[in-house]
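Chains, contacts and geometry: an overview
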Amino acid sequence: MMSTGNKLQTQWSNEYGRYLVAACDIPEKTVVLLENVILHAPADDVKNKTDATKLCLVCCCPSDRRCTTCGWCICSPDCEKMQCHSNECNLFTKNKVKFPPPHKWPILNKTILVLRCLLMKLYGRGEWLDFLSKLEHHSRVRGTKSTCNRSDKMIMDNIQYFYGCAECPFSEIEIRTVCGIINVNAFFAESNEDSSHWRAKCMFKKASLFAHSCSPNCYWNIELKQDGSISGKYQPDIQIEVATAKPIKKGEMLTIFYSTRYALYGTLKRIVLMEEIAHFQCKCYRCRDSTEMETFMSALKCFDCERDYLLPQYPTEAQSDWKCLDCGSTQNVCKIVSRVCEIEDQAEQIQVLGLSFNDELALLSTIARKASGNILHKNHYVLQEIATRTIQLLIENGILNVDKSSENTIANLELFVNQCTFLLNIARTLLSAMTGYIGTLQSYLQAAEEVRTIVLEKKLTK
């Protein structure tokens with residue numbers, strides 16, 4: 001992969017605030033940014049209550065070990081020596097703070113990141129003024145949302161707990177502002193390696209300036225470097241790399257996914273979630289295009305003529321009516337949501353029934369067959385979700401393991417290849433920046449072809 005020097009320029013507008021553009025033409029697969037983390041903390045897992053207190057405050061890896069000074073989760077003597085833990089450790093020790101605080105899941109670790117930001121303001125005034133104070137926090141919008149107010153209140157309670165009977169040096173407005181800064185600007189990163197499964201929220205100075213797009217021209221990856229000595233370091237070597245997913249012209253805005261988990265949803269679901277979680281309305285090219293770049297991954301068959309598909313008249317407006325491309329009839333968005341949720345719920349319910357492999361596979365295939373082209377467009381994101389679950393089931397059942405081949409292997413391999421190809425074709429159109437996702441699908445297809453060759457050779461030699 002090519003690397004470039006300073007090819008980024010910072011600009012400002014009323015719509016985007018500060019953002020980055022290309023200072024020159026930049027080829028595809030060019031690294032445009034390598035940056036070390038400014039602040040970090042373990043990331044809370046909103047789906048798992050059990051491990052909230054078991055992530056090291058320094059390297060963010062699972063651990064049952066406690067800091068010998070303050071009693072919080074620190075996985076090793078080396079991590080205990082890291083300077084990023086010293087300010088909070090001194091605070092906890094001075095005020096005799098017992099672990100854990102009043103509120104744990106799902107905001108325990110976010111509280112630590114908030115505290116570290118506040119302590120930066122208290123002890124590192126220059127860094128605060130140069131970096132954090134300039135970041136967007138959407139306090140006005142967040143203040144109207146009960147979920148944000150409830151989360152902020154729990155974090156404020158925890159912060160006050162850290163100061164015990166002493167007066168907390170931070171006002172409610174300061175704490176809420178920092179909560180918003182983290183909510184809007186922090187990057188989530190994790191490693192799925194069993195040997196060192198770490199999960200972190202990270203703050204970066206330059207990377208926070210990239211604008212969001214649902215079909216971006218850049219992609220990012222965060223790594224925890226675990227090589228070399230960590231003695232005397234302020235914090236672990238956590239680094240973000242941003243690279244171009246396609247050629248970018250001089251003056252073009254550089255964009256990334258803020259959260260890849262929304263990328264595979266249709267526009268309506270995507271914009272509702274982004275406004276709810278990230279507090280902004282995305283109006284990127286993909287969101288403005290009712291066909292989603294000719295993929296039609298949100299389209300439903302017209303309820304009236306049943307010849308063509310319904311698409312939103314104003315895709316970036318959640319309450320927009322949907323209109324048939326053929327007969328012109330319109331439908332209220334509530335009917336659209338109801339029809340999609342009905343199929344989505346069916347697929348989700350099947351997954352929690354504890355069915356056998358064959359039964360779940362058969363039921364999912366039936367739902368997809370009935371919906372594809374008849375109720376939903378064949379590329380609809382719900383059908384992509386079913387395809388993803390089908391691939392997962394087949395892998396869990398050993399489809400890529402030659403030793404587990406059976407009389408159904410060839411048929412299942414064809415299903416596996418078809419589902420991977422289906423997802424890959426859509427990803428190449430919409431999601432060129434999801435290089436990991438695309439690479440995984442390509443590796444699945446290559447592995448499936450190798451298994452198919454071996455299975456057929458075994459049949460011929462019988």
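Throughout what follows, the structure given in this document is the object of discussion. This is a predicted model, so every value here is computed, not measured.

**Considerations on helix H6 (residues 146–162)**
Look at H6: 25 Å from first C-alpha to last across 17 residues, which is about the 24 Å you get at 1.5 Å a residue. In this structure, the buried side of H6 is in contact with helix H2 (86–94), helix H3 (108–123), helix H5 (139–142) and helix H7 (172–185). Just downstream of H6, glycine 164 is the residue with a positive phi angle, here 55°.

**Description of H3**
Compared with the 22 Å implied by 1.5 Å per residue over 16 residues, the 23 Å span of H3 between its first and last C-alpha is a close match. With 14 of 16 residues buried, H3 lies mostly within the body of the structure.

**With respect to the pattern of salt bridges**
All told, the structure shown has 16 salt bridges when counted by the stated rule. In this structure, arginine 286 and glutamate 292 form a salt bridge, with 3.0 Å as the shortest nitrogen-oxygen distance. When its relative accessible area of 0% is taken as the criterion, arginine 286 is described as buried.

**Re empty space enclosed by the protein**
One pass over the structure, following the stated rule, counts 3 cavities of 30 Å³ or more. For the largest cavity, the calculated volume is near 50 Å³. Forming the boundary of the largest cavity are Thr267, Leu268, Pro312, Tyr314, Pro315, Glu317, Ala318, Ser320 and Trp322. Across the lining of the largest cavity, the residue classes tally to 6 nonpolar, 2 polar and 1 charged.

**Points about unusual backbone geometry**
The step from phenylalanine 99 to proline 100 runs through a cis peptide bond, and the omega angle for that step is -5°. As for its position among the elements, proline 100 is in the loop between H2 and H3. For the bond running from tryptophan 105 to proline 106, omega is 0°, close enough to zero to count as cis. Within the fold, proline 106 resides in the loop between H2 and H3. Phi is positive for histidine 138, which is not a glycine, with a value near 50°. Following the sequence through the fold, histidine 138 ends up in the loop between helix H4 (125–130) and H5.

**Concerning the pairing of strand E2 (residues 8–13)**
Across 6 bridges, E2 lies against strand E3 (residues 17–22) in antiparallel orientation. Bridge assignment links glutamine 9 to a residue of E3, and that residue is valine 21.

**So, the sheet that holds strand E13 (residues 309–312)**
If you walk across this open sheet you meet the 4 strands as E12-E13-E14-E15, and the pairing is antiparallel. Where the open sheet ends on each side, the last strands, each with one partner, are strand E12 (300–301) and strand E15 (330–331). In this sheet, E15 lies alongside strand E14 (residues 322–324) in antiparallel orientation, the contact comprising 2 bridges. Bridged to lysine 323 within E15 is threonine 330.

**Overview of the packing of aromatic side chains**
Considering all chains together, one arrives at 12 aromatic pairs under this definition. For the pair tryptophan 72 and phenylalanine 92, a centre-to-centre distance of 4.6 Å together with 15° between the ring planes defines the contact as stacked. In this pair, tryptophan 72 sits in the loop between strand E5 (39–42) and helix H1 (77–80) while phenylalanine 92 sits in helix H2, placing the two residues 20 residues apart along the sequence. Considered together, tryptophan 72 and phenylalanine 92 belong to a single accessibility category, that of buried residues. Ring geometry for tryptophan 72 and phenylalanine 99: centres 4.7 Å apart, planes at 70°, overall edge-to-face. Taken together, the residues span a long stretch of sequence, with tryptophan 72 in the loop between E5 and H1 and phenylalanine 99 in the loop between H2 and H3 at a distance of 27 residues. A relative accessible area of 1% places tryptophan 72 in the buried class. Every member of this aromatic cluster is reached through a ring pair, and the members are Trp72, Phe92, Phe99, Tyr161 and Phe162.

**A short note on the nonpolar core**
As a rule of thumb, nonpolar side chains are buried together in soluble globular proteins. Grouped together as the largest cluster of nonpolar side chains are 74 residues, with contacts concentrated most on Leu132, Ile159, Met203 and Phe210. The element best represented in this core is H3, accounting for 9 residues. Counting residues in each nonpolar core, the second largest holds 57 residues, with Phe257, Ile350, Val402 and Ala433 among its members.

Calculation notes
Residues numbered from 1 in each chain as written. Predicted model: local features only at pLDDT ≥ 70, side-chain atom pairs only at ≥ 80, totals over all residues. Heavy atoms only, no water. Helix = DSSP H or I, 4+ residues; strand = E, 2+ residues; numbered from the N terminus. Expected span 1.5 Å × (residues − 1). Contact = heavy atoms within 4.5 Å. Buried < 20%, exposed > 50% of the residue type's maximum accessible area, 1.4 Å probe, protein only. Salt bridge = Lys/Arg side-chain N within 4 Å of Asp/Glu carboxyl O. 1 Å grid on protein atoms, 1.4 Å probe; cavity = no way out; pocket = protein on both sides within 12 Å on 5 of 7 lines; lining within 4 Å. Points joined across faces, edges and corners; volume = space filled by probe spheres on them. Nonpolar A, V, L, I, M, F, W, Y, C, P; charged D, E, K, R; others polar. Pairing = 2+ DSSP bridges. Phe/Tyr/Trp six-rings, centres within 6.5 Å; stacked < 30°, edge-to-face > 60°. Core = buried A, V, L, I, M, F, W, Y, C linked by side-chain atoms within 4.5 Å.

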